[in-house]
Amino acid sequence: ENLKYTDDTFATQLQEELNNLVIGGRNLALNTSSEYSSPFTSFNGGENNCTSPSIKVLTDGLKVGDKLTYRVIYKYTDIVPVSGKTARFRLQSNGNVTQWNAGNIIDEYRNISGSGEIEILKTITINEDHIKNQYWYFDFRHDYIQSGSIQYKMFKVEKGNRATDWTPAPEDTDT
């Protein structure tokens with residue numbers, strides 16, 4: 001049975017969404033994996049405790065106004081917050097030219113406790129400050145974590161407004 005839409009507004013909105021759909025595919029993030037990273041456990045209870053090494057993300061081919069989508073699976077295990085505080089983390093980046101000024105990418109904070117897994121998925125619009133950089137270094141910032149571990153996998157950054165399945169960056173497969 002064929003479905004017919006009688007509501008022109010719905011059909012127009014659906015057509016606009018389809019017209020605005022941009023699917024990338026090429027992973028701009030180097031040295032990523034479909035397997036979980038080694039556990040990061042170097043928490044000191046303070047603020048701005050970051051994972052290392054950082055993930056290098058290329059800006060190749062990006063222009064002002066382009067959409068950039070990033071996706072990563074973040075797993076936390078046995079997270080214990082500092083007494084009286086809420087353990088939290090965020091994904092963040094600094095540019096090789098702009099550093100931590102305009103041109104970086106900062107995700108929102110997420111509260112964590114105990115164990116779990118979070119999919120981080122976000123689309124941003126590239127601005128003039130972003131393209132001043134040849135690359136960004138992404139890492140996870142943690143605040144108020146006394147102990148526990150975190151891991152991540154399938155980190156992918158791609159041009160477009162829809163995330164696609166994880167694939168390695170071409171630079172990671174060229175020999």
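Everything below is about the structure shown above.
All of the points below concern the structure found in this document.

Next up on the list: the overall build of the protein chain. In terms of helices and strands, the protein chain carries two helices and nine strands. Each helix and strand of the protein chain, ordered N terminal to C terminal, gives the series α-β-β-β-β-β-β-β-β-β-α. Each of the 175 residues in the protein chain was classed as buried or not, and the buried ones make up 39%.

Moving on: the side chain of Asn 104. Tracing the backbone shows Asn 104 in the loop between β4 (88-95) and β5 (105-106). For Asn 104, a relative accessible area of 18% corresponds to the buried category. Looking at Asn 104, its side chain comes within polar contact range of the main-chain oxygen of Trp 100, at 2.9 Å.

Take the packing of aromatic side chains next. By the definition in use, this model includes nine aromatic pairs. Aromatic pair Tyr 74 and Phe 140: ring centres 5.1 Å apart, planes at 50°, arrangement tilted. Residue Tyr 74 is located in strand β3 (residues 67-81), and its partner Phe 140 is located in strand β8 (residues 135-143); the two are separated by 66 residues in the primary sequence. On the basis of relative accessible area, Tyr 74 is assigned to the buried category, the value being 0%. Through pairs of rings, three or more aromatic residues link up here, namely Tyr 74, Tyr 76, Phe 89, Phe 140 and Tyr 152. The aromatic ring of Tyr 144 is capped on one face by Lys 85, whose charged end is 4.8 Å from the ring centroid. A cation over a ring is seen here: Arg 88 above Tyr 109, with NZ or CZ 3.7 Å from the ring centre.

Next up on the list: the pattern of salt bridges. If you walk through the whole model with that rule in mind, you get twelve salt bridges. The salt bridge partner of Arg 26 is Glu 171, with a shortest N-O separation of 2.5 Å. With Arg 26 in the loop between α1 (8-19) and β1 (49-50) and Glu 171 in helix α2 (residues 170-173), this pair connects stretches of sequence that are 145 residues apart. For Arg 26, a relative accessible area of 32% corresponds to the partly exposed category. The residue Glu 119 makes a salt bridge to Arg 71 at a minimum N-O spacing of 2.6 Å. One end of the pair, Glu 119, is in strand β7 (residues 114-125); the other, Arg 71, is in strand β3, with 48 residues separating them in the sequence. Relative accessible area serves as the criterion here: at 42%, Glu 119 is assigned to the partly exposed category. Put simply, Asp 107, Glu 108, Arg 110 and Lys 122 are held in one network by salt bridges that share partners.

Moving on to unusual backbone geometry. Even without glycine at this site, Gln 99 takes up a positive phi of about 55°. Positionally, Gln 99 belongs in the loop between β4 and β5. You will see that Met 154, though not glycine, has its phi angle at about 55°, which is positive. Inspection of the secondary structure puts Met 154 in strand β9 (residues 145-159).

The next thing to look at is the sheet that holds β3. The strand order β7-β3-β9 describes an open sheet built from three strands, whose pairing is antiparallel. The sheet is open, and its two borders are formed by β7 and β9, each paired with just one other strand. Strand-to-strand twist in this sheet, taken as the mean axis angle between neighbours without regard to direction, amounts to 15°. Pairing analysis gives eleven bridges linking β3 to β9, with the strands arranged antiparallel. Pairing of Tyr 76 across the sheet is with Ile 150, part of β9.

Bringing the pairing of β8 into the picture now. Burial analysis of β8 places seven of its nine residues in the buried class, which makes it a mostly covered element. Strand direction decides the pairing type here: β1 and β8, joined by two bridges, are antiparallel. Considered in β8, the bridge of Asn 49 is made with His 142. As paired strands, strand β2 (residues 55-58) and β8 are joined by four bridges and run antiparallel to one another. The partner of Lys 56 across the bridge, within β8, is Tyr 137.

Conventions used here
Residue indices begin from 1 for each chain and proceed along its sequence in written order. In keeping with the model being predicted, local features are shown solely for residues with a pLDDT of at least 70 and side-chain atom pairs are shown and tallied solely at 80 or more, while totals for entire chains, interfaces and linings include all residues. Hydrogen atoms and water are omitted, and side-chain values are computed over all heavy atoms in the structure. Each helix corresponds to a stretch of at least 4 residues labelled H or I by DSSP, and each strand to a stretch of at least 2 residues labelled E; elements are numbered beginning at the N terminus. Under the scheme applied here, a residue whose accessible area is under 20% of the maximum for its type counts as buried, over 50% as exposed, and between as partly exposed, the area being computed with a 1.4 Å probe on protein chains only. Any N or O atom pair separated by 3.5 Å or less is treated as a polar contact, with the protein-specific requirement of one donor-capable and one acceptor-capable atom, and with residues adjacent in sequence counted only for side-chain atom pairs. Two rings from Phe, Tyr or Trp (for Trp, the six-membered ring) form a pair when their centres sit within 6.5 Å of each other. Planes less than 30 degrees apart are called stacked, planes more than 60 degrees apart edge-to-face, and all others tilted. Placement of a charge over a ring requires the Lys NZ or Arg CZ to be within 6 Å of the ring centre, with the centre-to-atom vector within 35 degrees of the ring normal. Each salt bridge in this description consists of a side-chain nitrogen of Lys or Arg and a carboxyl oxygen of Asp or Glu lying within 4 Å of one another. A pair of strands is treated as paired once DSSP finds two or more bridges between them. Only the stretch in contact is used when fitting a helix axis, every axis being a line fitted to C-alpha atoms; angles between N-to-C directions are given from 0 to 180 degrees.

Taken by themselves, the reported measurements are silent on function.
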